[in-house]
Structures are given as structure tokens and as C-alpha cells.
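An overview of the molecular structure
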Amino acid sequence: MFDVDERRNIPATDRVLGEPPLAAAAERFGRQSVKRVVHTAQQRARNGDIAPQDVVDETLRQLPRGAGGLRAVHNATGVLLHTNLGRARLSEAARHALGESAGTCDVELDTGTGVRGRRTESVRRALLEAVPAATDAHVVNNGAAALALAATGLAAGREIVLARGEMVEIGDGFRIPELLESTGVRLREVGTTNRVHLEDYRGAVGPDTGCVLKVHPSNFVISGFTSTVEVAELAGLPAPVVVDIGSGLLAPHTRLPDEPDATSALASGADLVTCSGDKLLGGPQSGLLLGAEPLVTRLRRHPLARALRVDKLTLAALHATLTGPPTPTAESLRRDPDELRERAEHISEKLAAAGVPATHETTTATVGGGGAPGVELPSAAVALPEHYEPALRRAEPAVLTRVERGRCLLDLFALDPADDPEILATVRAVRSTPEA
Ligand SMILES: *Cc1c(COP(=O)(O)O)cnc(C)c1O
């Protein structure tokens, strides 16, 4: 039974709110909302559920994890575009643009004339500059939305001709054929699982064809006895050719030679390219439609386009991504493996000096996010005992690692070198917790 006298030890609200971490939280979330959490913790102490001296800790535990309900984590998994971690890390320019556009802004106004303007105009211009092979561009909420709009606008009630080997599931139950069928198109499948020929397409294209679709299989490869039909060959067919390149490379990338890009697809004769904005492009979640002016205009004016419209925050972050310095995604892709190894060595030496059993080794990172399957990127990691994985995942800030051969690998590929000191400090702090 709880001792009544002990209730006197329950700290007063103002005292709890005066504790530095809670004062900081009050600044961040508002004093009233933190106060409510304190009251609940005090009540739990009165009920005897927690000890009076734990009121501050209990309050901290119950507070929202981040102002946005999401918690910032460091991506040390070695998967550059980790879907569970929000894919691309935005550039400083994009983060700044998010802040600037968060209030009222000229998203649909020409401040020079005072006349209503088109909301996607500045991003449209930036896209056309980045992909001169396109004569028009449109932005929607994600890659799937871009594909849905293309399918609906070009082929609703009609057929989309598509190779059987490209009827893929991209991840977490997202199936391209099911998305397409949900728009009211009929799929006309051509070829076999491993092989398709131009003749197959030619035999299927007819008066009922809305478009021919080529889908980048993204996260898997078929090897062995295979054949596919290139965009240039499909371009000769009497139907619009749509290419879903998936990951949003706007131009060829030397380190990812097999990854399709918008410029090459359009130069080869594609009428329309669809892709994501938050994979290799390195921007916010968004979907791009790039291609021939009459076609894109038709899709932009389709009633469904309004339901897929992006907000001002996305437009601002995407514009900054397109016009600003190289994105963190691009920076990671061009990092020298020797530099990564030196960083891993430096961190592991510092950790070892602090009594953490850390070593360093070369590793293989991947692109992830449904892009560049089979591409192995040379990287380096700090290796720790396996039990560091859950401890680092729960640390503040959280560091997400991967477990390989019984060790916790802190892969540096997707990390900003500027974050190394914080990560070092986190591992050292974790060492002194009972869990590690
Ligand atoms: C990722 C991907 C999509 C879906 O894009 P989201 O932005 O995730 O909606 C569609 N097609 C391909 C080929 C992809 O790789």
C-alpha cells in the first residue's frame, strides 16, 4: 500500500516544469500541453504506480517524441534510400525552403501583377531546365500518383500494353498492375516472365490501346535467358509510350550505369516519363510527369489531377532540391570509399580509446528505396557487438544500424560527415547504459 506521507514528496508542477529538459520541452510543445503530461505523471505517483521522484522521468517518457510526431534518426544502415526512414534526406536548401514557405506564400500568385498564377510554375521551369528533352512537366504527390494519372488520362476504359516481366510488386504490397487496374484500365500483357519482343508489342497494339507502358522492375533483376524491348524500339509503335523509371534520375549517373533516367528515356522517344521525387532525385515525396507538351497538359487538366495536387511545402522543397547544391543523396553517391574508410577508422579508434569494443571494416552499401537492384556500393562501417543495435535504435538521437554476421554495423555511406561527432557521442553514451 502506498504511504500517504510519501505523497508530500510528489514534486509540484512548477518545480517539474523548471527541470531543464522539461523547460526545453515546454518551449517546443507549449507549456500547457507539457503541463497536462506532468499532471498525469503526478496522478500516477499519487496512485502509487510510480515513485514520486520519477515524475520528471515519467513526464519525459510520455511527451511526444518530436514536434511533428516523428523522431529524427541517423541512417547508419548502409541503405541510402531507406523507405522506413523517409527515403531521401533533404538538402539544407530544401529544409530552408520548407521553413520559408510554411507561412503564407505566393504559391498561386504573381506578386508583380497581383494576378493569380499557376502553382507549379517555378518547379515546372526548374524541371525543364534539368531535363531539356521534356517540353512540359507536372508534379503530383508521389510516383504512384504520377502513374495513376498517366494511366487514367491516357487509357481509362481502354488498354495498357505492358510486358509480363514488368508486372511487379515494388514493396510493402504495392503492385504496379493492381494500381493500374484500379484506374479502370485493362491490362494487355505481352511476352513471358523472362522474354518479350517487339513483335509481341506490335501484335497487341491496336485501336483500343491507350498507351504502351514500360516499367523499371526496380527491386529485382531477371538474369539468364532474357530479352526486353528498348524504349527506342517501342517508340516506333502507333501508341504513346510511357516509361515509369521509378527512382527519379533526371540524367545518366556514372555510378549507376544501369539505372534508367528521364533524359535518356525521352531522347529515345518516350512520350512521357513518370518517377518519384524522393528516391535518387533526393527531394521530398513527390511524383513527376515529364514529356511532350500536349500530353502533359492533357494530364494536368484531367479532373483527377486536382486530387493528386501537391502542397506548397512540397513545391518549395522540390524547387530548392532542383536548383540548389548537390543533395545529400548525390553527395553520398560520389563519396570516395577511401574517405569512408578513414572516417570509420577514426571513429572506431576514438571508441576503442573510450573502452568500446569497436573495429572498422569495408562494407557494401545499397541504394534501396526500390532502386538500382544488385548495385553494390563500396563503403565502410564501424563494427560493434550485436547488442548495440537495439540500444542505439532506442538512443537519443536514435542511430539505425544493421546486424550482419552477429555484429552491429554502423555503415557510414548515408551519413553526413558533419554528424560523426554526434554519432560517436551517442555510441559512448549507450556504452554506459545497462542494455549495452
Ligand atoms: C518507387 C516506384 C514507384 C512508386 O513511387 P512512389 O513515389 O513510392 O509512389 C513506381 N514505379 C517504380 C518503378 C518505382 O520504383
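Residues numbered from 1 in each chain as written. Predicted model: local features only at pLDDT ≥ 70, side-chain atom pairs only at ≥ 80, totals over all residues. Heavy atoms only, no water.

Across the 5 residues that make up strand 12 (residues 287-291), a large majority, 5, are buried. The alternating pattern of strand 12 places Gly287, Leu289 and Gly291 and Leu288 and Leu290 on opposite faces, both of which are buried. The pairing of strand 4 (residues 136-140) with strand 12 spans 5 bridges and is classified as antiparallel. Along strand 12, the bridge assignment pairs Val139 with Leu288. When strand 11 (residues 272-276) meets strand 12, the two strands line up antiparallel, connected through 5 bridges. (Buried < 20%, exposed > 50% of the residue type's maximum accessible area, 1.4 Å probe, protein only. Helix = DSSP H or I, 4+ residues; strand = E, 2+ residues; numbered from the N terminus. Pairing = 2+ DSSP bridges.)

This part is about the side chain of Glu361. The topology assignment puts Glu361 in strand 13 (residues 359-365). Exposure remark for Glu361: the relative accessible area of 19% places this residue in the buried category. Engagement of the side chain of Glu361 in a polar contact is seen with the side chain of Arg407, the distance being 2.5 Å. Those residues within four positions of Glu361 in sequence are excluded, and the remaining contacts are Ala380, Ala381, Ala383, Arg405, Arg407 and Leu409. (Polar contact = N/O pair within 3.5 Å; in protein donor to acceptor, adjacent residues only side chain to side chain. Contact = heavy atoms within 4.5 Å.)

Right, let's talk about the layout of surface pockets for a bit. Here the second largest pocket is characterised by a volume of approximately 850 Å³. Lys214, His216, Pro217, Thr228 and Asp258 are the residues nearest the centre of the second largest pocket, which is lined by 35 residues in total. Elements supplying a minimum of two residues to the lining of the second largest pocket: strand 9 (209-215), helix 10 (231-234), strand 10 (241-246) and helix 11 (262-267). Residues that form the lining of the second largest pocket fall into these classes: 17 nonpolar, 10 polar and 8 charged. Of the domains in this structure, domain 2 (73-85 + 331-430) and domain 3 (107-326) are the two that each give at least three residues to the lining of the second largest pocket. (1 Å grid on protein atoms, 1.4 Å probe; cavity = no way out; pocket = protein on both sides within 12 Å on 5 of 7 lines; lining within 4 Å. Points joined across faces, edges and corners; volume = space filled by probe spheres on them. Nonpolar A, V, L, I, M, F, W, Y, C, P; charged D, E, K, R; others polar. Domains from an automatic or database assignment.)

As a further point, take the UniProt feature "domain: L-seryl-tRNA selenium transferase N-terminal" (unreviewed entry) in the protein chain. Taking the numbering used here, the UniProt-annotated feature "domain: L-seryl-tRNA selenium transferase N-terminal" (unreviewed entry) corresponds to residues 7-46. As a span, residues 7-46 carries 80% helix and 0% strand, and end to end its C-alpha atoms are 6 Å apart. (UniProt positions renumbered as here; feature names shortened; annotations may be inferred.)

The next point concerns empty space enclosed by the protein. Scanning the entire structure with this criterion turns up 1 cavity of 30 Å³ or more. There is about 30 Å³ of room inside the largest cavity. Elements with a minimum of two residues in the lining of the largest cavity: helix 7 (143-155) and strand 9. Take the lining of the largest cavity: its biggest share by element is 3 residues, from helix 7.

The subject of this paragraph is the sheet that holds strand 12. Read across the sheet, 7 strands follow the order 4-12-11-10-9-5-8 without closing on themselves; strand pairing throughout is mixed. The two strands at the open ends of the sheet, each matched to only one other strand, are strand 4 and strand 8 (186-190). Averaged over all pairs of adjacent strands, the angle between strand axes in this sheet comes to 25°, irrespective of strand direction. Its contacts with the sheet place helix 12 (residues 293-300) against strand 4, strand 11 and strand 12, and it is angled at close to 30° to strand 4. (Axes fitted to C-alpha atoms, helices over the stretch in contact; angles between N-to-C directions.)

Around the ligand lies a shell of 14 residues, among which Gly143, Ser218, Asp244, Ser276 and Lys279 are the nearest. Measuring from an oxygen atom of the ligand, one finds a backbone N or O atom of Ala144 at 2.8 Å. If the ligand stood free it would expose 390 Å²; the protein chains cover 94% of that surface. Going through the elements one at a time, helix 7 and strand 10 are the ones with two or more residues in the shell around the ligand. Class assignment of the residues belonging to the shell around the ligand gives a composition of 4 nonpolar, 7 polar and 3 charged. (Near = heavy atom within 4 Å. Areas by Shrake-Rupley, 256 points an atom, 1.4 Å probe, with all protein chains shown as cover.)

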